[in-house]
Amino acid sequence: MATILTGLNDRVLALLPLAPVAFFTIPLIGNPAATIQSWIRFFLTKHDDLDVHIERPPPPVASQLLAYLAVAVFGYILTSRLIPNISQYTLRKGISGKDLGKRGTPLGDKDIPEALGIVTGTVFLVCLIFCLVGYSQSNPTKLLDVNAALLSICFMLFLGFTDDVLDWPWRYKLILPTVASLPLLCSYSGSTTIVTPVPLRALLWNNGSFTWLGNLLNTFLVTIDAKAEGAVIETGWLYMVYMGMLAVFCTNAINIYAGVNGLEAGQSYIIGCAVLVHNLIEIRSCDSNSQLCNNHLFSVMLVLSFVGVTLALLRHNWYPASCFVGDTFCYQAGVTFAVVGILGHFSKTLLLFFIPQIVNFLWSCPQLFKFVPCPRHRLPRYRPETGLCEASTFPCKERDFRWLKRKPNDTECPNMTLICLCLQFLGPMKERDLCIVLLALQAVSCLFAFYIRYYVSQFLFDQ
């Protein structure tokens with residue numbers, strides 16, 4: 001495996017997630033020359049009725065996608081150029097760190113500029129503001145959603161940067177994302193009903209009446225539609241709680257699944273491409289004037305710019321990293337996904353793209369909640385003599401945590417992260433190869449998510 005991974009070209013690997021995005025985008029854009037000509041005619045024509053208070057029909061889907069794509073390319077170029085320059089400022093101010101994954105080597109003694117997620121976050125906001133100039137003219141009713149999205153992203157960007165500088169305790173990292181999600185929940189105007197999977201309906205409704213479980217849920221928590229025979233559930237405030245928890249999970253899930261050069265930016269890039277593909281599939285299959293299409297175009301507007309700036313960051317954060325993304329980027333990435341999932345009205349589908357993050361969180365729970373000792377850093381251990389990474393450990397007594405040890409009498413236990421779990425099963429490997437394996441797992445998980453969303457769901461829900 002190591003030989004195969006060494007021969008892979010990094011740039012080719014980076015472009016692979018964009019292939020399905022291009023496959024679905026190109027037919028929707030159609031002839032870009034014709035779209036650009038229509039833009040030129042619009043700007044050269046005198047308009048006497050440009051009243052900002054008049055709602056105009058939205059531009060064609062092709063025109064919107066091409067504009068968002070152009071802004072995303074601008075974001076990529078600007079981020080790529082700014083990161084080396086801003087790195088000098090962060091080094092000058094002492095916002096830097098050592099690469100703990102390379103201790104014992106010359107690279108391990110070098111100061112690496114940190115918190116460069118502030119560059120991607122700032123450029124991302126600039127791109128969004130450019131997009132909103134045109135978006136607000138044709139969608140004034142969505143301005144509340146847009147402002148809520150900007151407020152939440154700005155709040156988490158600020159929190160991430162201050163965390164990189166001040167190193168907040170974990171309790172604040174759970175409380176403040178909850179506050180940041182409140183603008184999203186206040187502006188959410190979608191449905192709070194869910195459809196019960198067909199195999200589970202018998203648990204709620206049987207022989208023309210509610211079961212004991214259906215009566216219990218209907219009395220205390222939700223409203224089950226009797227006319228639909230348990231097929232539709234109005235969750236009300238519980239759905240708002242779920243979306244608030246989703247925002248907290250997304251902002252922290254990427255942050256705790258980290259520690260390898262390129263992993264934070266890489267997983268965010270792949271998830272962003274998966275979200276884009278989902279949006280584009282839905283846009284192709286719905287009426288271009290429908291609210292559903294409008295919601296997914298709103299998501300595309302955000303995610304295209306995000307993918308552009310993230311790809312530029314990945315270029316500098318890839319092994320060997322010339323900068324660290326910091327909590328600034330992790331929080332910005334997480335809240336961006338929460339925003340598009342909640343305001344794009346596909347929050348349940350969004351979770352399918354987070355399968356590795358969910359597995360990592362569940363496996364990490366004993367350490368995160370202090371049932372098992374949790375060291376400050378759980379990143380892989382680097383062996384300078386071999387140049388390979390292996391699962392990191394924490395010390396323990398012989399009789400403790402035997403369920404976690406490979407050998408009952410060991411005095412060390414492997415840290416409970418998905419990264420260490422992969423190293424335990426696949427054996428020690430180079431840091432670059434480890435990152436490729438983890439990102440391949442992310443890509444396969446996203447493919448599995450599409451399989452569930454567009455195939456398995458046919459057997460779980462009525463058509």
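Rules used throughout
Residues numbered from 1 in each chain as written. Predicted model: local features only at pLDDT ≥ 70, side-chain atom pairs only at ≥ 80, totals over all residues. Heavy atoms only, no water. Helix = DSSP H or I, 4+ residues; strand = E, 2+ residues; numbered from the N terminus. Rg over C-alpha atoms; globule rule 2.2 N^0.38 Å. Contact = heavy atoms within 4.5 Å. Areas by Shrake-Rupley, 256 points an atom, 1.4 Å probe, with all protein chains shown as cover. pLDDT = per-residue confidence, 0-100. Axes fitted to C-alpha atoms, helices over the stretch in contact; angles between N-to-C directions. Parallel < 35°, antiparallel > 145°, perpendicular 65-115°, else oblique. Left-handed = near helix turned anticlockwise from the far one by under 90°. Expected span 1.5 Å × (residues − 1). Buried < 20%, exposed > 50% of the residue type's maximum accessible area, 1.4 Å probe, protein only. Pairing = 2+ DSSP bridges. Phe/Tyr/Trp six-rings, centres within 6.5 Å; stacked < 30°, edge-to-face > 60°. Salt bridge = Lys/Arg side-chain N within 4 Å of Asp/Glu carboxyl O. Patch = residues over 30% accessible without salt bridge, like charges linked within 9 Å, V, L, I, M, F, W, Y side chains within 5 Å. Disulfide = S-S within 2.5 Å.

## Brief notes about the overall build of the chain
Here is step 1 of the chain: Each helix and strand counted, the chain has 17 helices and 11 strands in total.
Here is step 2 of the chain: Computed over C-alpha atoms, the radius of gyration of the chain comes to 24 Å, within 12% of the 23 Å expected from 2.2 N^0.38 for 463 residues, which places it in the range of a compact globule.
Here is step 3 of the chain: Principal-axis analysis of the C-alpha atoms places the extent of the chain at approximately 75 × 65 × 40 Å.
Here is step 4 of the chain: Long-range pairs, those at least 24 residues apart, make up 74% of the contacts in the chain between residues at least 6 apart in sequence.
Here is step 5 of the chain: Counting only carbon and sulfur atoms, one obtains 66% of the accessible surface of the chain, whose full area is about 22800 Å².

## Topic: the confidence of the model for the chain
Here is step 1 of the chain: Residue-level pLDDT values for the chain average 88, and 95% of them are 70 or greater.
Here is step 2 of the chain: The least confident element of the chain is helix H1 (residues 2–6), whose mean pLDDT is 53; the most confident is helix H11 (residues 263–285), at 95.

## Topic: the packing of H11 against helix H13 (residues 326–343)
Here is step 1 of the chain: With their axes 10 Å apart at the nearest point, H11 and H13 run at an angle of 15° to one another. Taken together, the axis directions place H11 and H13 in an arrangement best described as roughly parallel. Relative to H13, H11 is oriented so that their crossing is left-handed. Between H11 and H13, the residues in contact are Glu264, Ala265, Ser268, Ile271, Gly272 and Val275 and Phe329, Cys330, Ala333, Phe337 and Val340, respectively.

## Brief notes about H13
Here is step 1 of the chain: If you check H13, its first and last C-alpha atoms are 26 Å apart, about what 18 residues at 1.5 Å a residue would give, namely 26 Å.
Here is step 2 of the chain: Taken across its 18 residues, H13 has 18 buried, putting it largely inside the fold.
Here is step 3 of the chain: His345 occupies a position one or two residues after H13 and carries a positive phi of about 65°.

## Topic: the sheet that holds strand S3 (residues 193–195)
Here is step 1 of the chain: If you walk across this open sheet you meet the three strands as S3-S7-S6, and the pairing is antiparallel. Either end of the sheet is taken by a strand with one partner, and the two such strands are S3 and strand S6 (223–224).
Here is step 2 of the chain: Where S6 lies against strand S7 (residues 232–234), two bridges are found, and the strand directions are antiparallel. Among the inter-strand pairings, Thr223 is bridged to a residue of S7, identified as Glu234.

## Thoughts on the environment of Ile436
Here is step 1 of the chain: Tracing the chain through its elements places Ile436 in helix H17 (residues 431–460).
Here is step 2 of the chain: It is 43 Å that separates the C-alpha atoms of Ile436 and Pro140, two residues lying 296 residues apart in sequence.

## Topic: the packing of aromatic side chains
Here is step 1 of the chain: This model, assessed by the stated rule, comprises 17 aromatic pairs.
Here is step 2 of the chain: Aromatic pair Tyr455 and Phe459: ring centres 5.3 Å apart, planes at 75°, arrangement edge-to-face. Here Phe459 and Tyr455 lie together in helix H17, a separation of four residues that amounts to about one turn.
Here is step 3 of the chain: By relative accessible area, which is 39% here, Tyr455 ends up partly exposed.
Here is step 4 of the chain: A residue is classified by how much of its surface remains accessible, and Phe459, at 55% relative accessible area, is exposed.

## Quick notes on the pattern of salt bridges
Here is step 1 of the chain: Counting across every chain of the model gives eight salt bridges.
Here is step 2 of the chain: Residue Lys98 pairs with Asp111 through a salt bridge whose shortest N-O separation is 3.0 Å. Note that Lys98 is positioned in the loop between strand S1 (96–97) and strand S2 (112–113) and Asp111 in the loop between S1 and S2, a separation of 13 residues in sequence.
Here is step 3 of the chain: Under the relative-accessibility criterion, Asp111 is labelled partly exposed at 40%.
Here is step 4 of the chain: In this structure, Lys102 engages Glu431 in a salt bridge whose closest nitrogen and oxygen atoms are separated by 3.0 Å. Of this pair, Lys102 sits in the loop between S1 and S2 while Glu431 sits in helix H17, and the two are 329 residues apart along the sequence. For the pair shown, Lys102 and Glu431 are each scored as buried.
Here is step 5 of the chain: Overlapping salt bridges bring together Asp10, Arg432 and Asp433 as one network.

## Digging into the side chain of His296
Here is step 1 of the chain: Among the secondary structure elements, His296 is positioned in helix H12 (residues 291–317).
Here is step 2 of the chain: Residues contacting His296, with those up to four places away along its chain left out, are His278, Asn279, Glu282, Ile283 and Phe346.

## Focus: the packing of helix H7 (residues 143–166) against helix H8 (residues 170–187)
Here is step 1 of the chain: Here H7 crosses H8 at 170°, and the two axes come no closer than 7 Å. Considering the angle they form, H7 stands roughly antiparallel to H8. Listed contacts from H8 to Leu144, Asp145, Ala148, Ala149, Leu151, Ser152, Phe155, Met156, Leu159 and Asp163 of H7 are Lys173, Leu176, Pro177, Val179, Ala180, Pro183, Leu184 and Ser187.

## Re a nonpolar patch on the surface
Here is step 1 of the chain: There is a patch of nonpolar side chains on the surface, built from Trp212, Leu216, Phe220, Leu221, Trp237, Val241 and Met245 and spanning about 850 Å² of accessible area.
Here is step 2 of the chain: For the nonpolar patch, the elements supplying multiple residues, two or more each, are helix H9 (212–220) and helix H10 (237–256).
Here is step 3 of the chain: Note that Leu216 resides in helix H9.

## Observations regarding the environment of Pro113
Here is step 1 of the chain: Residue position: Pro113 is located in strand S2.
Here is step 2 of the chain: Judged by its relative accessible area of 4%, Pro113 falls in the buried class.
Here is step 3 of the chain: Through-space distance from the C-alpha of Pro113 to that of Ile95 is 6.3 Å; in sequence the pair is 18 residues apart.
Here is step 4 of the chain: Look past the residues within four positions of Pro113 in its chain and what remains in contact with it is Ser87, Thr90, Leu91, Ile95, Ser96, Ser322, Cys323 and Phe324.

## Some points on unusual backbone geometry
Here is step 1 of the chain: The step from Tyr319 to Pro320 runs through a cis peptide bond, and the omega angle for that step is -10°.
Here is step 2 of the chain: Here Pro320 shows up in the loop between H12 and H13.
Here is step 3 of the chain: Backbone geometry places Asp167, a non-glycine residue, at a positive phi of 60°.
Here is step 4 of the chain: Take Asp167: its relative accessible area is 40%, and that puts it in the partly exposed class.

## Here's the deal with the state of the cysteines
Here is step 1 of the chain: If you walk through the whole model with that rule in mind, you get zero disulfides.
Here is step 2 of the chain: In this structure Cys250 is a free cysteine whose sulfur lies 13 Å from that of Cys446, the closest cysteine sulfur available.
Here is step 3 of the chain: Judged by its relative accessible area of 0%, Cys250 is buried.
Here is step 4 of the chain: With no disulfide of its own, Cys389 has Cys420 as its nearest cysteine by sulfur position, at a separation of 10 Å.

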